[in-house]
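# Structure assessment
Chain by chain, the residues run as shown.
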Amino acid sequence: MADTLSQRPRVQIVEVAPRDGLQSDAVHFSTSEKVELIERIVAAGIERVEVASFVNPERVPQMADAEAVLGELAARALPARWIGLVLNARGLDRALAAHTPEVNVVVACSDTFSRKNQGVDTEASVVTAIDVIERCREASVPVSVTLSAAFGCGYEGVVPLDRVVAVAERIGAAAPAELALADTIGAAVPPDVRARFAAVRAVIGDGVRLRAHFHNTRNTAVANVLAAVEAGVGVVDASLGGIGGCPFSPRATGNVATEDVVYLLERSGYDTGVDIDRLVAASAWLEERLGRTTPALVSKAAPFPPR
């Protein structure tokens, strides 16, 4: 009899706690503590981890040790691929010099958010992203592009679907490995998710993977994950414990919690390849290190049914 697990659709989880989770947290993690967090995450079966951002350390001091983190990870034979986030050419220079295995570049769909976050408007960010894609292709480094504020902006309100589609079409034409739609302010609901991913897929074709990134600001992130996956998205970002959020978005709260996403998907008939018990143990370690409880729920209630 065929293994029923092998017949389940696979959804890959990209863990973002070491970057998006820690970038705005008041608790400072040393380089060694970040590496330990990453090791615990990988031990649970996560295959891709966003580990650092190559941004201005004066604006995001929690990420000042990006090169040191990549250097420590390079010395360990861990079964995962590391992602470094960049916003501009300077960040890419640093990422390539640090031999970052994969690069993620951000384009904000709202001009105001883009100026607040990256100091330039959306058009300039698109030009930068295309340059990053081309340079990474020359360096044989996979690159993904995240369209932030793809569902709404804390400054401008609803971001029109046509604008998101137009940005996605230009980025898709440059052929990154992957394109993510990010609900940076946690405004989306499942009908938005289905409509926007369908519209984006229609203009970029099947040659670029789609990825989803949700924040739980209005308690809709888990529902949005399921809507995205049911719409054919095969890669989902999540943050251990549900920590993090964008430091440049008003009243933004944390990312969707990895343990909650894994529980949802596994119980819904998808295969994530993640050991939820190890994930919950890693979340408990994270809470202890932070000195507070995190927003995640499965790590408090425990997986079901009991094992």
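Report on the accompanying structure. (Residues numbered from 1 in each chain as written. Predicted model: local features only at pLDDT ≥ 70, side-chain atom pairs only at ≥ 80, totals over all residues. Heavy atoms only, no water.)

### What about the packing of helix α9 (residues 221-230) against helix α10 (residues 258-267)?
Direction vectors running N to C along α9 and α10 enclose 45°, while the axes themselves pass 10 Å from each other. Relative to α10, the element α9 is oriented oblique. As α9 packs across α10, the resulting crossing turns out to be right-handed. Between α9, through Val-222, Val-225, Leu-226 and Val-229, and α10, the contact on the second element is made entirely by Asp-260, Val-261, Leu-264 and Leu-265. Considering only residue class, the contact of α9 with α10 consists of seven nonpolar, no polar and one charged. (Axes fitted to C-alpha atoms, helices over the stretch in contact; angles between N-to-C directions. Helix = DSSP H or I, 4+ residues; strand = E, 2+ residues; numbered from the N terminus. Parallel < 35°, antiparallel > 145°, perpendicular 65-115°, else oblique. Left-handed = near helix turned anticlockwise from the far one by under 90°. Contact = heavy atoms within 4.5 Å. Nonpolar A, V, L, I, M, F, W, Y, C, P; charged D, E, K, R; others polar.)

### Here's the deal with unusual backbone geometry
Between Phe-304 and the following residue, Pro-305, the backbone shows a cis peptide bond with an omega angle of -5°. One non-glycine residue, Ser-140, lies in the positive phi region at around 60°. As for its placement among the helices and strands, Ser-140 is situated in the loop between α6 (122-138) and β5 (143-148). The exposure class assigned to Ser-140 is exposed, which follows from its relative accessible area of 66%. Unlike most non-glycine residues, Ala-302 shows phi in positive territory, near 80°. Tracing the backbone shows Ala-302 in the segment after α12 (298-301). For Ala-302, a relative accessible area of 42% gives the class partly exposed. (Buried < 20%, exposed > 50% of the residue type's maximum accessible area, 1.4 Å probe, protein only.)

### Here's the deal with the packing of aromatic side chains
As enumerated under the stated definition, the model contains two aromatic pairs in all. For the ring pair Phe-29 and Trp-285, a centre distance of 6.4 Å and an interplane angle of 80° mean the geometry is edge-to-face. Of this pair, Phe-29 sits in the loop between α1 (17-21) and α2 (31-43) while Trp-285 sits in helix α11 (residues 276-290), and the two are 256 residues apart along the sequence. By the burial criterion, Phe-29 is buried, and Trp-285 matches it. Plain terms: the ring middles of Phe-151 and Phe-214 are 6.1 Å apart, the flat faces sit at 50° to each other, and that makes the pair tilted. With Phe-151 in the loop between β5 and α7 (161-173) and Phe-214 in strand β7 (residues 209-214), this residue pair connects regions lying 63 residues apart in the sequence. Since its relative accessible area comes to 6%, Phe-151 is described here as buried. You can call Phe-214 buried: its relative accessible area is 1%. Positioned over the ring face of Phe-29 is Arg-289, at 4.8 Å from the centre of the ring. (Phe/Tyr/Trp six-rings, centres within 6.5 Å; stacked < 30°, edge-to-face > 60°. Lys NZ or Arg CZ within 6 Å of the ring centre and 35° of its normal.)

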